[in-house]
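Survey of secondary and tertiary structure
So you can see what is in the structure, the chains are spelled out below.
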Amino acid sequence: MKSGKTTILLTLFLIFTWIAGPALAATTRIVVKPFTIEAEEPYPFLEKGIFKMLFSRLQIPGTSRPMLETDPEAGTADYVLTGNILIFGEGISTDARLVDAKTGAPVLSFNRLGETKGDALAHVNMLADEIKSEVLGITSGAKAAPQATEQPAVEDQARIRGEEPTATLWRSQTFDEGIISLALADVTGDGRNETVIASRSSMTLMTREGKALKKIAAFETGMNLEILTVDAGDINGNKKAEIYLTCIDQRTKRPSSLVVEWNGTGFTTLMDNDSRLFRVMETKTRGTLLFGQTPRDKDKMLDGQVSQLSWQGNALVESPYKLPGEATLYSFTFGDVMNNGSEAIITLTLDGRIEVFSDDGRMAWKSPEGYGGSANYLEYKGYLYNRNDGFQMSRFFLQQRLFVADLDGDGKNSLIVVKNVDEAGVLKKTRFFSKGIILSLAWDEMGLAPEGRTRSFPGYFSDYTIGDMDNDGKQELVFAISRSEGMVGQRNTSRLYSQDRIAKNAGEFY
């Protein structure tokens, strides 16, 4: 009798072990990558605190085990956790993603906004709770009130401090390449603006739908061509904006530019191998204008004639356009920046000084400090000679765009200008931008003075524009931020941002 009971118990134990054993032994392994902190200053204590907190919360014996990327068993992980924390003023935004380690498919997306930097740790605690409940099946007490999960793009509703109404900041998903130039225009002819972004080798047409930025199509420039700038505007008058790709042939170092147009399913090339640089400019008084310039093969590459271009048949014809001082294709704009009813020309010198010229061509003001700062350049044979390689290539750095606009709707125009901080200093062939801002400058009896600015962003403002990106009938400031671990020009990542105004009296820039 005793032997029979023992046999039954042993059988039940073996069955239980066979069914439950794998489940008991299966510990979920999660690779936790250090969270990226985007802020004006480093926060090493916050980064370490977040990392330790995640390891502590996700270390559940018999259920889950967090590990580093360098762990010998990281290759057998089930999931990978990554995150990003954006600190803007006193506010904070925490984004995180848990993906399947084998397929890369997203398993959990997380986004929270906070009023103080300290909210980051509360966000991490919420994130750990969500992973426990949604992925590991563990109930860990009351959950935080549900919020919208991350879309490819998230509207942060960031609070930018200032006396004027706060600005709403939107940001896109991260792009695994540097955005070197951007444009807004109705490319497809549907009455809505699309967003055009360009890397060195390709151009992508995208549309903003609610909070998301979605890809429509892409265009590759082909071998040996690198994009310098992208512009868009309806110059030929067919109700669709052409895309003007200023490209450089890396074999000759000379322009070989393209003009393409949307045909409903892709792009038709209207012109290629053009020897000019292009720039499209939106004006209040004269509509959308196209300008061009052919660079010279010497140190002062852009001291030649700037021309306004217009389509005649299949060709772009030139009309000389007189500019004051040493203005070039990439360093001028015009508009009623003095708010006196007359149209001034505003230029940005190669060393970053703003110059304002009245409509009769006289200089009305020149800034005592520098603005702008670009990593874009043209190359030419310099004066340095190497016996093996011949004359060495030198770089002619370009400048950033300028805009005259009334972003806050108060009826007064301001000059909108970027200011990137170059840490490379006296290095003539290198630019290394550590941070940047966009400023709004207002005219008074003394000249142009800062009236407001965006928050300072780590990285490099590679390009910016003003337009209705989300098609809500209102103008926004749209800009691209690129970041890299090394000098500008290396492989980097980037994001698009937009905000509906520039907060006034937003403090000094450090």
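Residues numbered from 1 in each chain as written. Predicted model: local features only at pLDDT ≥ 70, side-chain atom pairs only at ≥ 80, totals over all residues. Heavy atoms only, no water.

Per the secondary structure count, the protein chain includes three helices and 35 strands. In the protein chain, which comprises 510 residues, the share counted as buried stands at 50%. For the protein chain, the proportion of contacts with a sequence separation of at least 24, taken over those separated by at least 6, is 51%. Accessible surface, the protein chain: about 24800 Å² in total, of which carbon and sulfur atoms supply 51%. (Helix = DSSP H or I, 4+ residues; strand = E, 2+ residues; numbered from the N terminus. Buried < 20%, exposed > 50% of the residue type's maximum accessible area, 1.4 Å probe, protein only. Contact = heavy atoms within 4.5 Å. Areas by Shrake-Rupley, 256 points an atom, 1.4 Å probe, with all protein chains shown as cover.)

Right, let's talk about helix H2 (residues 44–58) for a bit. Under the 1.5 Å per step criterion, the end-to-end length of H2 is 21 Å for 15 residues, consistent within 8% with the ideal 21 Å. Where H2 is concerned, the buried positions are Leu 46, Ile 50, Met 53, Leu 54 and Leu 58. Angular distribution of buried residues about the axis of H2 spans 110 degrees; they occupy a single face of the element. Turned more than 90 degrees from where H2 packs its buried face, Phe 45, Lys 48 and Lys 52 sit exposed. Where the residues of H2 are buried, they touch strand S1 (28–32), strand S2 (36–38), strand S3 (64–67), strand S4 (79–88) and helix H3 (119–135). (Expected span 1.5 Å × (residues − 1). Arc of directions from axis to C-beta.)

Once that is clear, we can look at H3. Under the 1.5 Å per step criterion, the end-to-end length of H3 is 23 Å for 17 residues, consistent within 8% with the ideal 24 Å. All of the buried residues in H3 are Ala 120, His 123, Val 124, Leu 127, Ala 128, Asp 129, Glu 130, Ile 131 and Lys 132. Of the surrounding elements, those touching the buried residues of H3 are S1, H2, S4, strand S5 (91–100) and strand S6 (106–114).

Under the defined criterion, the tally for this structure stands at 17 aromatic pairs. Taken together, a centroid distance of 4.9 Å and an interplanar angle of 10 degrees make the contact between Phe 433 and Tyr 460 stacked. Residue Phe 433 is found in strand S30 (residues 433–444), and its partner Tyr 460 is found in strand S33 (residues 460–467); the two are separated by 27 residues along the sequence. Residue classification places Phe 433 among the buried residues on the basis of a relative accessible area of 5%. Connected via pairs of aromatic rings, a cluster forms that spans Phe 291, Tyr 321, Phe 332 and Phe 334. Geometry around Tyr 371 places Lys 419 over its ring, the cationic atom sitting 5.4 Å from the centre. A cation over a ring is seen here: Arg 455 above Phe 457, with NZ or CZ 4.3 Å from the ring centre. (Phe/Tyr/Trp six-rings, centres within 6.5 Å; stacked < 30°, edge-to-face > 60°. Lys NZ or Arg CZ within 6 Å of the ring centre and 35° of its normal.)

Take the sheet that holds strand S19 (residues 287–293) next. Strand order in the open sheet formed by four strands is S18-S19-S20-S21, and the pairing between neighbours is antiparallel. The sheet is open, and its two borders are formed by strand S18 (277–283) and strand S21 (315–320), each paired with just one other strand. Taking each pair of neighbouring strands and ignoring which way they run, the sheet shows an average axis angle of 40 degrees. Both S19 and strand S20 (residues 306–312) contribute to a ladder of four bridges, which runs antiparallel. Pairing of Gly 292 across the sheet is with Ser 307, part of S20. (Pairing = 2+ DSSP bridges. Axes fitted to C-alpha atoms, helices over the stretch in contact; angles between N-to-C directions.)

Within the fold, Lys 435 resides in strand S30. The sequence separation of Lys 435 and Ser 456 amounts to 21 residues, and the corresponding C-alpha distance is 6.7 Å.

Summed over the entire model, instances satisfying the criterion amount to 21 salt bridges. For the salt bridge of Arg 65 with Glu 73, the shortest nitrogen-to-oxygen distance reads 2.9 Å. Of the charged contacts, one joins Glu 130 and Arg 112 as a salt bridge, the two residues approaching to 2.6 Å between their closest N and O atoms. Highlighted residues: Glu 130 in helix H3 and Arg 112 in strand S6, separated in sequence by 18 residues. We note that Glu 130, like Arg 112, is buried. A network of salt bridges, in which partner residues are shared, links Arg 29, Arg 65, Asp 71 and Glu 73. (Salt bridge = Lys/Arg side-chain N within 4 Å of Asp/Glu carboxyl O.)

Let us now look at the confidence of the model for the protein chain. Looking at the protein chain, pLDDT values average 83 and 83% of them are 70 or higher. Contacts for the low-pLDDT stretch residues 140–164, under 50 throughout, to residues beyond four places or in other chains number 64 contacts. Note that pLDDT drops below 50 for residues 485–489; the model gives that stretch eight contacts with residues more than four away or on any other chain. (pLDDT = per-residue confidence, 0-100.)

So, about the pairing of S30. Counting buried positions along S30 yields nine of 12 residues, so the element is predominantly enclosed. Direction of pairing for strand S29 (residues 414–422) relative to S30: antiparallel, over a ladder of eight bridges. Among the inter-strand pairings, Val 417 is bridged to a residue of S30, identified as Leu 439. Bridge analysis of S30 against strand S32 (residues 457–458) gives two bridges, and the strand direction is antiparallel. Looking at the pairing, Gly 436 lines up with Phe 457 of S32. By the bridge criterion, six bridges tie S30 to strand S31 (residues 447–453) in an arrangement that is antiparallel. When the sheet's bridge partners are listed, Leu 439 is paired in S31 with Arg 453. Between S30 and S31, which pair antiparallel and follow one another directly, the connecting turn spans two residues.

Turning our attention to the sheet that holds strand S11 (residues 202–209). One open sheet accounts for four strands, arranged S9-S10-S11-S12; its pairing is antiparallel. The outermost strands of the open sheet, each flanked by one partner alone, are strand S9 (181–185) and strand S12 (212–220). Put simply, the sheet's adjacent strands are angled 25 degrees from each other on average, direction ignored. In terms of strand pairing, S11 meets S12 through eight bridges, oriented antiparallel. Each residue of the ladder has a partner; that of Arg 208, found in S12, is Leu 213.

Moving on, we get to the nonpolar core. With 27 residues, the main nonpolar core has Leu 81 and Leu 127 as its most contacted residues. Of all the elements in the fold, those that place two or more residues in this core are S1, H2, S4, S5, S6 and H3. In this view, Leu 127 contacts Phe 35, Leu 54, Leu 81, Ala 96, Leu 108 and Phe 110; residues no more than four positions away in its chain are not counted. Residues Ala 185, Ile 227, Cys 247 and Trp 262 belong to the second largest nonpolar core, which totals 22 residues. (Core = buried A, V, L, I, M, F, W, Y, C linked by side-chain atoms within 4.5 Å.)

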